[in-house]
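For reference, the chains in residue letters:
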Amino acid sequence: MHAKNFIPILLLAIFPKGYCQLAQLATAAGKLYFGTATDNPELTDSPYVTQLGNTADFHQITAGNSMKWDATEPSRGTFTFTAGDTIANLALSHGQILRGHNCVWHNQLPSWVTSGNFNNATLLSIVQTHCSTLVSHYKGKIPDTILEPFNDDGTFRQSVFFTTTGTAYISAALRAARAADPAAKLYINDFNIEGTGAKSTAMANLVRSLKSQGVPIDGIGVQAHLIVGEVPSTLQQNLQNFVNLGVEVAITELDIRMTLPSTQALLTQQQQDYQTVIHACKAVSGCVGVTIWDWTDKYSWVPGTFSGQGAACPWDQNLVKKPAYQGIVNGWMQ
Ligand code: G3I
């Protein structure tokens, strides 16, 4: 057995039962972080904030909304970082790593971007200014630079950025981000790239092409908005394929939803599914960390988007741990 497999066992000896918590176990598995998304409206809920600051479970935070384009540059050239700074300062006060989210995305864009009818050169300059200003402001953090550039069939999403600039917006954003903070890890992030398939191949081709052109790219973010009982069997292989391109990977938005109401059988399957995902990251040395897309069902985005579905997080509506929590523990220790 490889020596590193002994670490969780040692950890068990050091921490009494019940004290092997998610971030501690991630560290013991050699990962940089285990963390969670959060959002500003939730920060008035003090039991929520207490657990959010529990660094034994979470030593990384992502702002779920407040660093996006509509929040940070609501009108051209006017930058507002107040809400994002609240999350950044919270992370700082807890000693948690902050993951930036995000420079360029087709969603949550202010209408001045989507309806501006800008030409190629102007839109590229707008992208550069936005990324540069955002990344400079949060210097020292690790941003998701480009979010969701692909359709599920692997073709490029027809966002305003793509229809105006082709793929030039991607390299422009990455180069601007690198110039603004040479130490920041630059990621491209998408959903439905957990298993092998057309979209994962498209992501690999994009990263290969960027690297061959000397465009800075450090990582691929695999979102992992998954469905109970449907974790792709090729997840670990796919993470390894991405790492083989010469980048790191992270699971950046993990949640595993079910059709409501939740039943014991669904919760048990969900526990297994969380374990499978975590273990896949553990098993791939280039997978540096995992972020869940909020930790409690109370604030999950899922029911608002998928009618009749939910219960996707490891803690329930009442901030009580579900079997999924143990699934994460098991995944790190497996
Ligand atoms: O800001 C308005 C507020 O003024 C208004 O009163 C309120 C009423 O509904 O809506 C607020 O906007 C909401 C926004 O979150 C901020 O809370 C939007 O309606 C809501 O659609 C938006 O949802 C976010 C979603 O991205 C938008 O696509 C979710 O919270 C956020 O968790 C989700 O996160 C994305 C990642 O960024 C990228 N990957 C997919 C993931 C899930 O969709």
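Residues numbered from 1 in each chain as written. Predicted model: local features only at pLDDT ≥ 70, side-chain atom pairs only at ≥ 80, totals over all residues. Heavy atoms only, no water.

## So, the overall build of the protein chain
Let me state the cut-off plainly: Helix and strand definitions follow DSSP, with helices as H or I runs of at least four residues and strands as E runs of at least two, each counted in order from the N terminus. Each residue is placed in one exposure class: buried if its accessible area under a 1.4 Å probe, protein chains only, is under 20% of its type's maximum, exposed if it is over 50%, and partly exposed if it falls in between. Any two residues whose heavy atoms approach within 4.5 Å are treated as being in contact.
Scanning the protein chain from terminus to terminus reveals 14 helices and 10 strands. Along the first, second and third principal axes, the C-alpha atoms of the protein chain reach 60 × 45 × 40 Å. Across the 334 residues in the protein chain, those meeting the buried criterion constitute 54%. Considering only contacts in the protein chain between residues 6 or more positions apart, those separated by 24 or more positions represent 77%.

## Some words on the environment of Asn102
Position of Asn102 among the secondary structure elements: in strand β3 (residues 97-104). Setting aside residues no more than four positions away along its own chain, Asn102 makes contact with Met67, Lys68, Leu134, Asp144 and Leu147.

## Description of the pairing of strand β5 (residues 187-190)
Filter applied, for reference: Pairing between two strands requires that DSSP report at least two bridges joining them. Handedness of a crossover: with both strands directed away from the viewer, a clockwise path from the first strand across the helix to the second marks it as right-handed.
Here β5 shows no split at all, with Tyr187 and Asn189 on one side and Ile188 and Asp190 on the other all buried. As paired elements, strand β4 (residues 142-147) and β5 share three bridges and run parallel to each other. Following the sheet pairing, Ile146 is matched in β5 by Ile188. When β5 meets strand β6 (residues 219-222), the two strands line up parallel, connected through four bridges. If you follow Ile188 over to β6, its bridge partner there is Ile220. Between β5 and its parallel partner β6, the chain crosses via helix α10 (residues 198-212), and the hand of that crossover is right-handed.

## Focus on the packing of helix α11 (residues 235-243) against helix α12 (residues 264-283)
Let me state the cut-off plainly: In this analysis, axes come from line fits to C-alpha atoms, helices being fitted only over the stretch in contact, and the angle between any two N-to-C directions falls in the range 0 to 180 degrees. Handedness of each helix crossing follows the sense of rotation of the near helix against the far helix: counterclockwise by less than a right angle gives left-handed, clockwise gives right-handed. Residues are grouped as follows: Ala, Val, Leu, Ile, Met, Phe, Trp, Tyr, Cys and Pro are nonpolar; Asp, Glu, Lys and Arg are charged; every other residue, Gly included, is polar.
Where α11 contacts α12, the two axes come as close as 9 Å, and the packing angle between them is 35 degrees. In the packing of α11 onto α12, the handedness of the crossing is right-handed. Across the interface between the two elements, Leu235, Gln236 and Leu239 of α11 pack against Thr276, Val277, His279, Ala280, Cys281 and Ala283 of α12. Its residues assigned to classes, the contact of α11 with α12 shows six nonpolar, three polar and no charged.

## Describing the pattern of salt bridges
Rules: Salt bridges, as used here, are contacts in which a Lys or Arg side-chain nitrogen is within 4 Å of a carboxyl oxygen on Asp or Glu.
Counted by the stated rule, this structure contains six salt bridges. Of the charged contacts, one joins Lys298 and Asp45 as a salt bridge, the two residues approaching to 2.8 Å between their closest N and O atoms. Here Asp45 lies in the loop between β1 (33-38) and α3 (46-52) and Lys298 lies in the loop between β9 (287-292) and α13 (302-305), a separation of 253 residues in the sequence. Residues joined by salt bridges that share partners form a network here, namely Asp152, Asp190 and Lys199.

## Some words on the state of the cysteines
Simply put, the disulfide is a covalent bond whose two ends are the sulfur atoms of two cysteines. Where we set the bar: Defined by distance alone, a disulfide is two cysteine sulfur atoms within 2.5 Å.
Summed over the entire model, instances satisfying the criterion amount to one disulfide. With no disulfide of its own, Cys103 lies closest to Cys131 among cysteine sulfurs, the gap being 3.7 Å. Sulfur of Cys313: no disulfide; nearest cysteine sulfur belongs to Cys281 and is 18 Å away.

## Things to note about the UniProt feature "active site" (unreviewed entry) in the protein chain
As a reminder, the rule being used: UniProt positions are given in the numbering used here, feature names are shortened, and annotations may be inferred rather than shown by experiment.
Residues annotated in UniProt with the feature "active site" (unreviewed entry) correspond here to Glu253. Of note, Glu253 is situated in strand β8 (residues 248-259). Glu253 gets classed as buried once you look at its relative accessible area, which sits at 5%. If we ignore the near neighbours within four places in the chain, the residues touching Glu253 are His101, Leu147, Asn189, Val222, Gln223, Ala224, His225, Thr291 and Trp293.

## What to know about unusual backbone geometry
The omega torsion of the bond from His101 to Asn102 falls at 10 degrees, within 30 degrees of zero and hence cis. In this model, Gln108 sits at a positive phi of 50 degrees, which is unusual for a non-glycine residue. Here Gln108 lies in the loop between β3 and α6 (111-114). Even without being glycine, Asn117 reaches a positive phi, approximately 50 degrees. Its location among the elements puts Asn117 in the loop between α6 and α7 (120-137).

## Some details on the site of the ligand
Here is the rule we go by: Any residue with a heavy atom positioned within 4 Å of a molecule or strand is treated as near that molecule or strand. The definition of a polar contact used here is a pair of N or O atoms within 3.5 Å, where within protein one atom must be able to donate a hydrogen and the other to accept one, and adjacent residues in sequence count solely through side-chain atom pairs. Shrake-Rupley sampling with a 1.4 Å probe provides the accessible areas, and residues are treated as covered by the protein chains on show and by no other component.
Near the ligand lie 14 residues; those nearest to it are Asn65, Lys68, His101, Glu253 and Trp293. Measuring from an oxygen atom of the ligand, one finds a side-chain N or O atom of Asn107 at 3.1 Å. Glu253 is positioned with one of its side-chain polar atoms (N or O) 2.6 Å from a nitrogen atom of the ligand. For the ligand, the accessible surface in isolation is 790 Å², of which the surrounding protein chains cover 46%. Residues belonging to the shell around the ligand are distributed by class as follows: four nonpolar, six polar and four charged.

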